[in-house]
Amino acid sequence: MLVIFVLWQTTYISWKPVPGNNPEYPLGWWGWFDQGNYLRSAKAILDWNLDPAEYYYPPLYPLIGAAFVPVFPYHPYYFVDLAATLGFFLLFVATTRRAIGFWPAAIIGFAFIAVFNVIRLQWVIPWTTSVSAVLVAAALLLLDRYDRARREGGWGLRTHVLNAYLFGLVCGLQLPLRPGDIVLLAPVALGYGVLVLLDLFSGDPARRRCALWAAVAGVLGLVPGAVIMFGFNLLVFGDLMGGYFALSVSRGFYFGDFFEKLFSLVVASHPIYLERGADWLTELPINALCLGFLPAAALFARPLVFRLAAVAALFQIVLYFSYGDALPTGTFRYNNIHYFKWMLPWIVAFAAYFVVHAIQARGAARLRARVGLAFGVIATLVLFSINVDPVARPPLSVTAGGEGGVELAFSDGPALEYIDFDGTPAGWTDVYFENRATVRVNGGEPLENYGEYRMFPREGKGQGEGIRLLFLRPVEAETVSVDFGVALAREAPVDEASVHPVAVRFVLDWPFSSHWR
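Only a predicted model underlies this, so the values are computations on that prediction, with no experimental measurement involved.

Undergrad: What is the right way to read the sheet that holds strand E8 (residues 466–475) from this model?
TA: Strand pairing in a sheet relies on backbone hydrogen bonds. The paired strands run either parallel or antiparallel. Strand order in the open sheet formed by five strands is E1-E11-E4-E8-E7, and the pairing between neighbours is antiparallel. Looking at strand neighbours, the two that pair on one side only are strand E1 (386–392) and strand E7 (453–458), the edges of this open sheet. For this sheet, the mean angle separating the axes of adjacent strands, direction not counted, is 30°. Of the pairings in the sheet, the one linking E7 to E8 comprises six bridges and is antiparallel in character.

Undergrad: It is not clear to me how the environment of Leu141 should be interpreted in this structure. Could you clarify?
TA: Examined against the element boundaries, Leu141 turns out to sit in helix H7 (residues 128–152). Spatially, the C-alpha atom of Leu141 lies 16 Å from that of Gln174, the residues being 33 residues apart in sequence. Once residues within four sequence positions are removed from consideration, Leu141 is found in contact with Leu91, Ala94 and Thr95.

Undergrad: Please explain the nonpolar core as it appears in this structure.
TA: One finds Val266, Trp280 and Trp342 to be the most contacted residues of the largest nonpolar core, which totals 133 residues. When residues of this core are assigned to their parent elements, the largest contribution, twelve residues, is made by H7. If near-sequence neighbours (up to four positions away) are discounted, Val266 is found in contact with Lys261, Asp279, Trp280, Leu281, Ala288, Leu291, Phe321, Leu383 and Phe384. Formed by 26 residues, the second largest nonpolar core is a distinct cluster that contains Ile419, Val441, Met455 and Ala477.

Undergrad: Just checking my understanding: could you explain the pattern of salt bridges for this structure?
TA: Two side chains bearing opposite charge may form a pair once their charged atoms approach each other closely. One pass over the full model with this rule turns up twelve salt bridges. Its salt-bridge partner being Asp199, residue Arg150 comes within 3.1 Å of it at the nearest N-O pair. In this pair, Arg150 is assigned in helix H7 and Asp199 in helix H10 (residues 182–200), connecting sequence segments 49 residues apart. The partner of Glu275 in a salt bridge is Arg333, with the nearest N and O atoms 2.8 Å apart. Of the two residues, Glu275 is situated in the loop between helix H14 (270–273) and helix H15 (280–283) and Arg333 in the loop between helix H19 (328–331) and helix H20 (344–360); the sequence distance between them amounts to 58 residues. According to the relative accessible area criterion, Glu275 is buried, its value standing at 13%. Judged by its relative accessible area of 39%, Arg333 is partly exposed. Salt bridges here are not isolated pairs; linked through shared partners, they connect Asp420, Asp422, Arg458 and Arg468.

Conventions adopted
Residues numbered from 1 in each chain as written. Predicted model: local features only at pLDDT ≥ 70, side-chain atom pairs only at ≥ 80, totals over all residues. Heavy atoms only, no water. Pairing = 2+ DSSP bridges. Helix = DSSP H or I, 4+ residues; strand = E, 2+ residues; numbered from the N terminus. Axes fitted to C-alpha atoms, helices over the stretch in contact; angles between N-to-C directions. Contact = heavy atoms within 4.5 Å. Core = buried A, V, L, I, M, F, W, Y, C linked by side-chain atoms within 4.5 Å. Buried < 20%, exposed > 50% of the residue type's maximum accessible area, 1.4 Å probe, protein only. Salt bridge = Lys/Arg side-chain N within 4 Å of Asp/Glu carboxyl O.

As structure tokens, this is what we get:
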């Protein structure tokens, strides 16, 4: 714990984006979009400013910050995030130590909180996910406690009620903190609920009585989070749902594109997104190589908490990887890896579980562990054997439009994944963010940047300089028209030689070949 604190504190006082550490930009991370909105909302709460424009995110994290702004105006989340870091470590070790041993649990927790710089920064930067990770970890520990108590006995009514209330409380508080993370807690909550139902219908009257009051306590535990969320939304927005749900959904969840995202985010980021080294295999190789043990743990791990933690992690990966704005270009460049920080030590713990039990267990438990170990290794090898096979889709015609725009016509064929245009790209932020481009497919309404397409500068890679227009969902296109805005400059109109439409299919190749090409 002391070493974690020292490393965390050293990062806090030395890392330039921390407010006050860089004289040239003293505002630090408060000038960033997310952190700036946290602080803006916290100050609005202190001023009793109920203007909806002041509240971009759900209310709990700004409410926590508002408690510290008067005393620490530039560092209101210092104590909150430090406590979250230390608390998560303790909860993780307490939950996993019985299955993999104290020292493996402590080493894994320590490594994926304090050792690896890219992860340690996510615990230092103010993120809602720091508190959310603690709530997830607490829910898993409370589930494990209840599961073990049912098998071992020894709990009285008061302990049943208190455990269930705390479980409901930590689940409910996710609603005003990170509503989307309710999805990943759903399998954990369902598991707890099934155990309570089994006790309700047991033949033991004392057990039924404990289960009944535990069910009541669990429901009551959900109330504070619901009151904070819906009460705040009614007060500020005038309706229960507020503005955050609509904002999140507006970016789109494209589950049909999940496997492309899995490949690009985990295996190799550069073939489609032109961002070499922005995948998990480069930045988090241990986690990437242990990812195959997630489904293995969901199927073969013996402790219920391990199975449900694996299911929760799989739920989140499917949900978040399918999100329209989840791209390799933001995972490490803009710290979006923070969404997954609660599961990073768990992913390695799953692998450690199968290794430990394959060696130490006996009988059927050893066989199950060895099957899970083999399953995880095979799943990992299959995942990293996937490669991209780009299929050229030459246009039937290329028609130059006004002010440097272009319209492409296509015959029937595979859906378009991206189109490369040769030329001189603007700077990264001008291309990626405010490119002022207009993109239409089949003469329809303009596609939305972030939600339906993205542009990336192509700087001397593959076919030379230019930009890549990537469709977040592959499009069946008869025509594609593009006005480049400020993203691309050309001395001559776009012609057939300077445009390269591509469809993508995935094939099995040698393991890891896609990463190194």
